[in-house]
Amino acid sequence: SDSHFPVPINPSLFNLSQHYPHFFPDRSNAPKRIEFADIGCGFGGLLVTLSPIFPDTLMIGMEIRDKVASYVDERIRALRTPLGDYHNISVVRTNSMKYLPNYFEKAQLSKMFFLFPDPHFKEKNRRRRVISESLLDEYAYVMKVGGLVYAVTDVEELGEWIRGCLERHCLFQRVGDEEAAGDPVAKVLESATEEGKKVLRNGGQTFRCVYRRIAA
Ligand code: SAM
């Protein structure tokens, strides 16, 4: 349960030097901040794919399952090289639906990812979906103006739900297909993660949306 993992009381107490030691050889350095968050990162495929594309950007995966988070941690450690490869990605075991503001300051993140989130089909379980109108308030808080939210699912009904929530929220605006097509990140979304690979293998359809955090 939630009580079994430590959560920082506020973002300034989130120990980044533990997660990204390569970037924090000296604590007096101007602090670098996490910019990308992969919510419900699963086995970490997106982080591993994005790491070399943005080698100087710190990224974190958030994953609630203990064993899965430990696996991702080990996976990343095994990939890291003395030259600095894969030192910009890390994972934290946490409940992102409860504790996001404990990890990130206001206007900190430039990208948030929601790839193949759990669908929670039943009406009574929809409140457990990782995108909802109230959670979008929190996501808007931790994102900087101009930042992008990427969501992909293979469940059409969930895709419509996510799009609907974002569409109704006054702090998010849809990014058009043309712009999204030119975004190097959007290109890898469907194929980067373990869940995405499974869907591709089975010839399943995917539903993607990209929204920009806009000014109030
Ligand atoms: N994004 C990964 C992918 O595309 O392969 C994983 C997709 S998997 C269907 C959904 C993941 O979200 C699971 O690993 C699950 O444990 C995680 N998850 C669900 N609720 C969460 C929460 N509240 N906080 C953090 N992770 C969560």
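Everything quoted here is computed from the prediction, not taken from an experiment. (Residues numbered from 1 in each chain as written. Predicted model: local features only at pLDDT ≥ 70, side-chain atom pairs only at ≥ 80, totals over all residues.)

> So what exactly am I meant to see when it comes to the packing of helix α8 (residues 184-192) against helix α9 (residues 194-201) here?
When two helices pack together, their arrangement is given by the angle between their axes and by how far apart the axes lie. The contact between α8 and α9 brings their axes to 6 Å, and the two run at 75°. One element, α8, and the other, α9, form an angle in the roughly perpendicular class. Within the contact between the two elements, α8 uses E190, S191 and A192 and α9 uses G196, K197 and L200. Here the contact of α8 with α9 is built from residues that sort into two nonpolar, two polar and two charged. (Axes fitted to C-alpha atoms, helices over the stretch in contact; angles between N-to-C directions. Helix = DSSP H or I, 4+ residues; strand = E, 2+ residues; numbered from the N terminus. Parallel < 35°, antiparallel > 145°, perpendicular 65-115°, else oblique. Contact = placed C-beta atoms within 7 Å. Nonpolar A, V, L, I, M, F, W, Y, C, P; charged D, E, K, R; others polar.)

> Looking at this structure, I do not really get the UniProt feature "binding site: S-adenosyl-L-methionine" (unreviewed entry) in the protein chain. What am I missing?
Those places that UniProt annotates as "binding site: S-adenosyl-L-methionine" (unreviewed entry) correspond, in this numbering, to G40, E63, I64, N95, S96, L115, T193, E194 and E195. Looking at the element boundaries, I64 is found in the loop between β2 (58-63) and α3 (66-79). Classification of I64 by C-beta neighbours within 10 Å gives partly exposed; the count is 18. Once you skip the residues sitting within four places of it in the chain, I64 turns out to touch T94 and N95. A tally of 26 C-beta atoms within 10 Å means that T193 is categorised as buried. For T193, the residues in contact, after removing those within four places along its chain, are G42, G45, L46, L115 and F116. (UniProt positions renumbered as here; feature names shortened; annotations may be inferred. Buried ≥ 20, exposed ≤ 12 C-beta atoms within 10 Å, placed from the backbone.)

> Honestly, the pairing of β2 in this entry has me stumped. Any pointers?
The two faces of a sheet get side chains in turn, since along a regular strand they alternate between them. Buried residues dominate β2, accounting for five of its six residues. In this sheet, β2 lies alongside strand β1 (residues 34-39) in parallel orientation, the contact comprising five bridges. Bridge pairing in β2 links A37 to I60. One crossover worth recording links β1 to the parallel β2 by way of helix α2 (residues 45-50), and it is right-handed. Judged from the five bridges that link them, β2 and strand β3 (residues 89-93) form a sheet pairing that is parallel. If you follow G61 over to β3, its bridge partner there is V91. The handedness of the β2 to β3 crossover, carried by α3, is right-handed. (Pairing = 2+ DSSP bridges. Right-handed = clockwise from strand over helix to strand, strands pointing away.)

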